[in-house]
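So you can see what is in the structure, the chains are spelled out below.
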Amino acid sequence: MDEYGLKRNAGYDTLQIRTYENEDGSELPVLKYPELEKLAFAEHCFTMRQGGVSEGVYASMNLSWSRGDDPEHVRQNYTRITRLFHSDPDHVVVTRHEHGTHVIRIDGPGESEPLDMRYDGMVTNVPGIVLCALAADCLTVVFADPVQKAVGICHSGWKGTLGRISREVIRRMQEEYGSRPEDIVCGIGPSVCGECYEINDEIAHRFMEGYPGQAPGFLVDKHNGHQLLDLRKACVASLKECGVKTVLVPDLCTMENPDYLFSHRLMGNARGNIGALIGIKEDIW
Ligand SMILES: [Zn+2]
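Here we summarise the structure given alongside this text. Fair warning: this is a prediction, and the values are worked out from it, not measured in the lab.

Conventions and cut-offs
Residues numbered from 1 in each chain as written. Predicted model: local features only at pLDDT ≥ 70, side-chain atom pairs only at ≥ 80, totals over all residues. Helix = DSSP H or I, 4+ residues; strand = E, 2+ residues; numbered from the N terminus. Rg over C-alpha atoms; globule rule 2.2 N^0.38 Å. Buried ≥ 20, exposed ≤ 12 C-beta atoms within 10 Å, placed from the backbone. Contact = placed C-beta atoms within 7 Å. Pairing = 2+ DSSP bridges. Axes fitted to C-alpha atoms, helices over the stretch in contact; angles between N-to-C directions. Core = buried A, V, L, I, M, F, W, Y, C linked by C-beta atoms within 7 Å. Expected span 1.5 Å × (residues − 1). Parallel < 35°, antiparallel > 145°, perpendicular 65-115°, else oblique. Left-handed = near helix turned anticlockwise from the far one by under 90°. Nonpolar A, V, L, I, M, F, W, Y, C, P; charged D, E, K, R; others polar.

## Focus: the overall build of the protein chain
Here's step 1: Scanning the protein chain from terminus to terminus reveals seven helices and 15 strands.
Here's step 2: Scaling as 2.2 N^0.38, a compact globule of 285 residues should have a C-alpha radius of gyration of about 19 Å, and the protein chain matches this with 18 Å.
Here's step 3: For the protein chain, the C-alpha atoms occupy an extent of roughly 50 × 45 × 35 Å along the three principal directions.
Here's step 4: Of all 285 residues assigned to the protein chain, the portion counted as buried reaches 50%.
Here's step 5: Across the protein chain, contacts joining residues at least 24 apart in sequence account for 63% of those joining residues at least 6 apart.

Written out as C-alpha cells, the structure is:
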C-alpha cells in the first residue's frame, strides 16, 4: 500500500497521484506518468473514482454517459476533469467502444456526450481537443508524439488487444501526421493485471494464434480450463512489433484497488467508468 492506500504492483511504471482542487474546494486526484508530463506539448491523465459528484455505485468520478448515471452529474464530472486541460466538456471527444480496431481522426471540437460513432481509437493534432477513452479493467492507452505534436488514445480489451488496436493507432499517426513509432511515448492506464485476469482456454487459444511465439510470455495455464492473461504484456508486444520504444506499464490494478478504480470483474454492471484523457495544449504554438 502507498500512503494514499493504493496497492501497487512492484516492478512497473509508477502512476503518480496529482491532486487538484475542484471549484467547491474539494480534492480532485488523478493519475499521471511523469514521463508523459515531461512532454510539454500535451496534457494527460487517468481518472480515479475520487473527486466527482456522482453517487451510489457511480461514486464519484464516473465518466460514462451510458451506464445509468445522472447526466447532470456526468457533465459536472467532465467539467471538473477538463479544467485540468484548461478546456470544457464541449471539447472532449468520447466514442462508443465496440471492442474493435477502428481508429478515427478527430479534427474538430467534440461533444461531451458520446458521438454516435463506434471507434475504439482516436488520433488528433488539433490543440484544444481532449480525447477520452473509458474502461473498467480493460486497458486504455494514450499516445504522444512530441516531434510531430500529435496524440492518440484507445480502448483495448481482450478483443482489441488480440486485434492489435494499439498498432492501428500508431499506423494512423504515421499516415496522418508523419509520426515515427520510435518517437511516440505510450502509456497504459490503470487496468486489470496479469495475476488477476482469468480467461478461458478458448480465448487463450486465440491469443496463441494471434501472437505466435509471444503468447506463452503472457499466458499462465491454471490447468482447470482457465488461464491468466497479461493483457498489458500483449499490448506492449503489439507496440514493440511496430517500432515503439517507450511503453509505460501501470503499477495499479483495477481489481486490486476497487475503492479507487472501477472494476467490471468485481462490480459487474453496477459501476461507473474511469477514463484516460489526452490533449494537445493550445498555447504551444
Ligand atoms: Zn491485479
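Additional details are given in the paragraphs that follow.
## Some points on the pairing of strand β13 (residues 226–229)
Here's step 1: Of the two faces of β13, the one holding Gln 227 and Leu 229 is buried and the one holding His 226 and Leu 228 is not buried anywhere.
Here's step 2: Direction of pairing for strand β11 (residues 198–200) relative to β13: antiparallel, over a ladder of three bridges. Residue Glu 198 lies in a different strand from β13, and its bridge partner there is Leu 228.
Here's step 3: By the bridge criterion, three bridges tie strand β12 (residues 219–221) to β13 in an arrangement that is antiparallel. Of the residues in β13, the one forming a bridge with Val 220 is Leu 228.
Here's step 4: The turn joining β12 and β13, which pair antiparallel and follow one another in sequence, is formed by four residues; a positive phi near 60 degrees is taken by His 223.

## Some points on the sheet that holds strand β9 (residues 150–156)
Here's step 1: Pairing within the open sheet is mixed, and its six strands lie in the order β5-β6-β9-β8-β10-β14. Looking at the sheet topology across the chains shown, the edges are occupied by β5 (103–105) and β14 (246–248). On average, adjacent strands in this sheet sit at an angle of 15 degrees to one another, irrespective of strand direction.
Here's step 2: Pairing geometry for strand β8 (residues 139–145) and strand β10 (residues 185–188), over four bridges, is antiparallel. From the neighbouring strand, Phe 143 faces β10, where its bridge partner is Cys 186.

## A word on the nonpolar core
Here's step 1: Leu 131, Cys 132, Val 141, Phe 143, Ala 144, Ile 153 and Cys 186 are the most contacted members of the largest nonpolar core, which totals 84 residues.
Here's step 2: If we ignore the near neighbours within four places in the chain, the residues touching Ile 153 are Gly 121, Met 122, Leu 131, Ala 133, Thr 140, Val 141, Val 142, Phe 143, Ala 276 and Ile 278.

## Considering the pairing of strand β6 (residues 121–124)
Here's step 1: Side chains Gly 121 and Val 123 project from β6 onto one buried face, and the interleaved Met 122 and Thr 124 project onto a second face that is buried too.
Here's step 2: Sheet analysis places β5 next to β6, joined by three bridges and oriented parallel. By the bridge assignment for β6, Arg 105 is matched with Val 123.
Here's step 3: Sheet topology note: the β6/β9 ladder contains four bridges and is antiparallel. Opposite Val 123, over in β9, you have Gly 152 as the bridge partner.

## Thoughts on helix α4 (residues 165–177)
Here's step 1: Taking 1.5 Å of rise per residue, the 13 residues of α4 would be expected to cover 18 Å, and the 18 Å separating its terminal C-alpha atoms lies within 8% of that figure.
Here's step 2: Residues of α4 that are buried: Ile 165, Ser 166, Arg 167, Glu 168, Val 169, Ile 170, Arg 172 and Met 173.
Here's step 3: Looking at the buried residues of α4, the elements they touch are β5, β6, β8, β9, α3 (158–162) and α6 (231–241).
Here's step 4: Count one or two residues on from α4 and you reach Gly 178, which has phi positive near 70 degrees.

## As for the environment of Thr 79
Here's step 1: Inspection of the secondary structure assignment puts Thr 79 in helix α2 (residues 71–83).
Here's step 2: For the pair Thr 79 and Arg 265, spaced 186 residues apart in sequence, the C-alpha to C-alpha distance is 28 Å.

## Notes on the environment of Ser 179
Here's step 1: Here Ser 179 lies in the loop between α4 and β10.
Here's step 2: The spacing of Ser 179 and Val 30 is 149 residues in sequence and 28 Å in space, taken between C-alpha atoms.

## Remarks on the packing of α4 against α6
Here's step 1: Remark: α4 packs on α6, axes separated minimally by 8 Å, with the N-to-C direction vectors making an angle of 30 degrees. If you check the angle between α4 and α6, you find them roughly parallel. Handedness of the crossing formed by α4 with α6: right-handed. Residues Ser 166, Arg 167 and Ile 170 of α4 form the contact with α6, whose own contacting residues are Cys 235, Ser 238, Leu 239 and Glu 241.
Here's step 2: Of the residues assigned to the contact of α4 with α6, the class counts are three nonpolar, two polar and two charged.

## Here we look at the sheet that holds strand β4 (residues 92–94)
Here's step 1: A sheet is described by the order of its strands in space; here six strands give the open sequence β1-β2-β3-β15-β7-β4, paired in mixed fashion. Edge positions in the open sheet fall to β1 (16–21) and β4, since each of these has one partner strand only. Looking at each pair of strands side by side, their axes are set apart by 30 degrees on average, direction ignored.
Here's step 2: Bridging between β4 and strand β7 (residues 130–135) involves three bridges; their strand directions are parallel. Looking at β7, one finds that Val 94 is bridged to Cys 132.
Here's step 3: In the packing of α2 onto the sheet, the strands contacted are β2 (27–32), β3 (42–47), β4, β7 and β15 (274–280), and the crossing angle to β4 comes to about 120 degrees.

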